[in-house]
Amino acid sequence: MSFRTLSARRLLLHLPPHHSPAPTLILRNLSLSVPVNTHRVFIPCLSKLLAVPHPSLYPTPHLSTRHTANLCPTTGTDSPTTPDLDKVANLLSLDLANVFLKKINIPLYHPEVVLEDRIRGQTFNGLILYIKNMHLLKIVAHIKFVYVRPHIVSLTKHPEDNTIRVTWKLVGLGVVRMMLRYFPDQLWLRSNMDKAALTWYEGYSTFHVNSEGKIVKHVVDKRTEEENKQTVKQMREKVSPSHGAQLKI
């Protein structure tokens, strides 16, 4: 009789009444067969296995092969997940509507978010610079206007490229216009202030969302991509000669 068989019989003789012989033998065999450097990997999983009674001795409905298989989960590559654009769009609409009143929702943005400002021709990398630009916009707007607020003209979701496209405009009411039109337009009512406010900026934003549901890029432009393509096409038609005309040297 081998040393392994004797050790197994000794373990069976000294087992507590609530233990099952099958998990103990599994633990004994695996501890003798695995190398020393990988011994620590099996111990936590086998400890969970010993805590589960053997199905043959304790037939309960919650015990199954799926239950024991989940004790030691295997690592694998997960399939790419699709972001929840509806949730991101709802949070983003609140952020844009309160851009001059509250702080931005920081968990909504990636730490390495990129702000591509095509209006000023500048690009900013990182969440710190993104927040800095938002604060700078607030400071300039509140210095220039007594009353200022954003208007979301349209907001569309595009699952094909995981983007949210927003058409917006910023309206404001200056001090001089406020004084001149206060009584005639009844500007103590907020609805009348919205009507009397003049457009300050108009633009188009494209928010790129990653698989985790975080905004990784924000592109600001005066025109939409379709309008930019049409403008480039018109410029090319103006520069290129007509079909009937010939260049004279």
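Computed from a predicted model, the values in this text were never measured in an experiment.

Student: Please explain the sheet that holds strand β5 (residues 198–209) as it appears in this structure.
Tutor: The six strands lie next to each other as β2-β1-β6-β5-β4-β3, forming an open sheet whose pairing is mixed. What marks the edges here is a single partner per strand, and that holds for β2 (122–125) and β3 (147–158). Neighbour-to-neighbour, the strand axes of this sheet turn through a mean angle of 20°, independent of strand direction. Sheet topology places strand β1 (residues 109–117) next to strand β6 (residues 215–221); five bridges connect them, and they run parallel. From the neighbouring strand, E116 faces β6, where its bridge partner is V219.

Student: What is the right way to read the pairing of β1 from this model?
Tutor: Strand residues, when the strand is regular, have side chains that alternate between the two faces of the sheet. In this structure, β1 lies alongside β2, joined through four bridges in antiparallel fashion. Each bridged residue has a counterpart across the sheet, and for D117 the counterpart in β2 is Q122.

Student: For this particular structure, what's the right way to read helix α5 (residues 85–97)?
Tutor: Each turn of an α-helix holds 3.6 residues, which means side chains three or four residues apart point in the same direction. Helix length check: α5 (13 residues) gives 18 Å between terminal C-alpha atoms against 18 Å at 1.5 Å per residue, within 8%. Those residues of α5 not exposed but buried are L85, V88, A89, L92 and D95. Angular distribution of buried residues about the axis of α5 spans 125°; they occupy a single face of the element. In α5, the exposed positions angled more than 90 degrees off the buried face are occupied by K87 and L94.

Student: Mind showing me how you'd approach the packing of aromatic side chains here?
Tutor: Each aromatic ring pair is summarised here by two numbers: the centre-to-centre distance and the angle between the ring planes. Summed over the entire model, instances satisfying the criterion amount to six aromatic pairs. An angle of 90° between the planes, with centres 5.2 Å apart, marks the rings of Y182 and F183 as edge-to-face. What makes Y182 partly exposed here is its relative accessible area of 29%. Judged by relative accessible area, which is 63%, F183 ranks as exposed. Counting every residue linked through ring pairs, the aromatic cluster contains F145, W200 and Y201.

Student: Help me understand the pattern of salt bridges, please; the structure alone is not making it clear to me.
Tutor: Two side chains that carry opposite charge are able to pair once their charged atoms sit near each other. Scanning all chains against the criterion turns up eight salt bridges. Among the ionic pairs, E116 bridges to K217, the shortest N-O distance being 3.2 Å. Note that E116 is positioned in strand β1 and K217 in strand β6, a separation of 101 residues in sequence.

Student: Explanation requested: helix α6 (residues 127–144) in the structure shown.
Tutor: With 18 residues, α6 extends 26 Å between its outermost C-alpha atoms, agreeing within 8% with the 26 Å of an ideal straight helix rising 1.5 Å per residue. Restricting attention to buried positions, one finds in α6 the residues L127, Y130, I131, N133, M134, K138 and A141. For α6, the arc enclosing every buried residue in end-on projection is 155°, short of the 170-degree limit, so these residues lie on one face. Turned more than 90 degrees from where α6 packs its buried face, I128, K132 and I143 sit exposed. Buried residues belonging to α6 abut β1, β2, β3, β5 and β6.

Student: Honestly, the pairing of β5 in this entry has me stumped. Any pointers?
Tutor: Looking at chain direction, strand β4 (residues 163–173) and β5 are connected through ten bridges and run antiparallel. Bridge pairing in β5 links L170 to Y201. As judged from the six bridges shared by β5 and β6, these two strands associate in the antiparallel manner. Along β6, the bridge assignment pairs S205 with V220. Taken together, β5 and the strand that follows it, β6, pair antiparallel across an intervening segment of five residues, in which G213 is found at a positive phi of about 80°.

Student: Looking at this model, I keep getting lost on a nonpolar patch on the surface. Mind explaining?
Tutor: A contiguous nonpolar patch, built from V146, V175, V176, M179 and L180 and spanning about 530 Å² of accessible area, is present on the exposed surface. On the secondary structure map, V176 appears in helix α7 (residues 175–180).

Student: How should I be thinking about the nonpolar core in this particular structure?
Tutor: Soluble globular proteins: nonpolar side chains tend toward being buried together. Formed by 28 residues in total, the largest nonpolar core has its most connected members in L92, Y109, Y130, I164, F207 and I215. Those elements that place two or more of their residues in this core are α5, β1, α6, β4, β5 and β6. In terms of residues, this core owes the most to one element, α6, which gives five residues. Aside from chain neighbours lying at most four places away, what touches I164 is L85, V88, A89, L92, L155, T156, K157, S205, T206, F207 and V209. Counting six residues, the second-largest nonpolar core is a separate cluster that includes Y147, L173, L187 and A196.

What counts and how
- Residues numbered from 1 in each chain as written.
- Predicted model: local features only at pLDDT ≥ 70, side-chain atom pairs only at ≥ 80, totals over all residues.
- Heavy atoms only, no water.
- Pairing = 2+ DSSP bridges.
- Helix = DSSP H or I, 4+ residues; strand = E, 2+ residues; numbered from the N terminus.
- Axes fitted to C-alpha atoms, helices over the stretch in contact; angles between N-to-C directions.
- Expected span 1.5 Å × (residues − 1).
- Buried < 20%, exposed > 50% of the residue type's maximum accessible area, 1.4 Å probe, protein only.
- Arc of directions from axis to C-beta.
- Phe/Tyr/Trp six-rings, centres within 6.5 Å; stacked < 30°, edge-to-face > 60°.
- Salt bridge = Lys/Arg side-chain N within 4 Å of Asp/Glu carboxyl O.
- Contact = heavy atoms within 4.5 Å.
- Patch = residues over 30% accessible without salt bridge, like charges linked within 9 Å, V, L, I, M, F, W, Y side chains within 5 Å.
- Areas by Shrake-Rupley, 256 points an atom, 1.4 Å probe, with all protein chains shown as cover.
- Core = buried A, V, L, I, M, F, W, Y, C linked by side-chain atoms within 4.5 Å.

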